[in-house]
Amino acid sequence: MNKDRKLIIAGNWKMNKTVAEAIDLVNGLKRELATVKEVDLVVAPPFTALSEVTRAILDSNIRLGAQNMSEHNFGAYTGEICAAMLKEFSVRYVILGHSERRQYQKESNETIARKALAAHAASLKPIVCIGESLDERKGGQMEQVLETQLRGSLAGFSNDQLEETIIAYEPVWAIGTGVTATTEQAQSAHAFIRRVLASIADEATARRVRIQYGGSVKPSNARELMSQPDVDGALVGGASLEIRSFTEIVKNSI
Ligand code: PGA
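Position numbers for residues start from 1 in each chain and track the written sequence from start to end. Per-residue local features of the predicted model are confined to residues with pLDDT of at least 70, and side-chain atom pairs are confined, for both listing and counting, to 80 or more; whole-chain, interface and lining totals are unaffected and use all residues. Computation of side-chain values: all heavy atoms of the structure, hydrogens and water removed.

A.B. asks: What exactly am I supposed to notice about the pairing of strand β3 (residues 62–66) here?
C.D. replies: The side chains of a regular strand alternate between the sheet's two faces. Of all five residues that make up β3, four are buried, and the element is covered over most of its length. Of the pairings in the sheet, the one linking strand β2 (residues 39–44) to β3 comprises three bridges and is parallel in character. Bridge assignment links Leu41 to a residue of β3, and that residue is Ile62. The handedness of a crossover follows from its direction of travel: if, with the strands pointing away from the viewer, the path from the first strand over the helix to the second runs clockwise, the crossover is right-handed. Going along the chain from the N terminus, every DSSP run of H or I of four or more residues is numbered as a helix, and every run of E of two or more is numbered as a strand. With helix α2 (residues 50–56) bridging β2 and its parallel neighbour β3, the resulting β-α-β unit is right-handed. Note on pairing: DSSP must find at least two bridges between two strands before they are called paired. Taken together, the three bridges between β3 and strand β4 (residues 91–96) define a ladder with parallel strand orientation. From the neighbouring strand, Ala66 faces β4, where its bridge partner is Val94. For every residue, the accessible area (1.4 Å probe, protein chains only) is compared with the maximum for its type, and the residue is labelled buried under 20%, exposed over 50%, or partly exposed between those bounds.

Below you can see the structure in the form of structure tokens.
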């Protein structure tokens, strides 16, 4: 594939996999994907598996992600995990503002921006998730929703920080539903996102930001989605939990 931006495919394991299961999965991925150089590969296990998974992927082409982190650096925040704790396990990426956290933990764009700035300060690359609900799409508000989420969640970023950020466009109606956005829907949303990024920063910066698509990505739709000019990778939930399906998504994307 001939794109300036390197594809990045990440598995968001969500609240799945015990340590033993995580090791099995990551060992399988390591074996099946050992020769892949064309794509940045990331797995985001639950916090409890980070220490073992990081050991398993040492000397491999798979990088480690986390699914969330605190905006604070230390202190009295019961149940939270900070950037320095993730760095101990060689975490490189952190998923922020996933729609499930926006919904269940009521995370706001402002909180997400603060977390993302804390991630940048620790040299972790944030994967900032945005996406509209079905009602918002049906009501013709998709662009407005995406723009508000982008401007809010990226507030205070320098252009360099923006360049080191990955945006995940995940239409809420496509997550875990089996309904994937059509390639045209994905491409037009991604192109819109890039236009907003250009207005936040500048054209050159916007051209360098990688925008992942997420929402029911599977082996059968990965190739077409990844071939769209503004789709630079995938954030995969359900299909990242099996060696075979994640491997096929990656191989079909190359
Ligand atoms: P899904 O989840 O692939 O199961 O739709 C994607 C995500 O929530 O990141």
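Now that the structure has been shown, the text picks up again.
A.B. asks: Sorry, what's going on with the site of the ligand here?
C.D. replies: Here a residue counts as near a molecule or strand whenever at least one of its heavy atoms sits within 4 Å of it. Taken together, 13 residues sit near the ligand, with Lys14, His98, Glu170, Gly176 and Ser216 positioned nearest. Side-chain atoms alone can form a polar contact between residues adjacent in sequence; in general such a contact is a pair of N or O atoms within 3.5 Å, and within protein one must be able to donate a hydrogen while the other accepts it. Take Glu170: an N or O atom from its side chain is 2.7 Å from an oxygen atom of the ligand. Gly176 has a polar backbone atom sitting 2.6 Å from an oxygen atom of the ligand. The protein chains hide 95% of the 280 Å² of surface that the ligand would expose on its own. For every accessible area listed, the method is Shrake-Rupley and the probe measures 1.4 Å; residues are considered covered only by the protein chains on display.

A.B. asks: Before we go on, may I ask you to explain the nonpolar core in this structure?
C.D. replies: Nonpolar side chains tend to gather and get buried jointly when the protein is soluble and globular. We call a set of buried residues a nonpolar core when its members are Ala, Val, Leu, Ile, Met, Phe, Trp, Tyr or Cys and they connect through side-chain atoms within 4.5 Å of each other. Membership of the largest hydrophobic core comes to 69 residues, with the highest contact counts inside it found for Ile167 and Leu197. Per element, the largest residue contribution to this core is seven residues, and it comes from helix α9 (residues 183–200). Only heavy atoms enter the contact rule, under which two residues are in contact if any of them lie within 4.5 Å. If near-sequence neighbours (up to four positions away) are discounted, Ile167 is found in contact with Val128, Ile130, Leu150, Leu154, Ile193, Leu197, Val209, Arg210, Ile211 and Gln212. Core analysis: the next-biggest nonpolar cluster, separate from the first, contains eleven residues, Ala10, Val42, Ala44 and Tyr93 among them.

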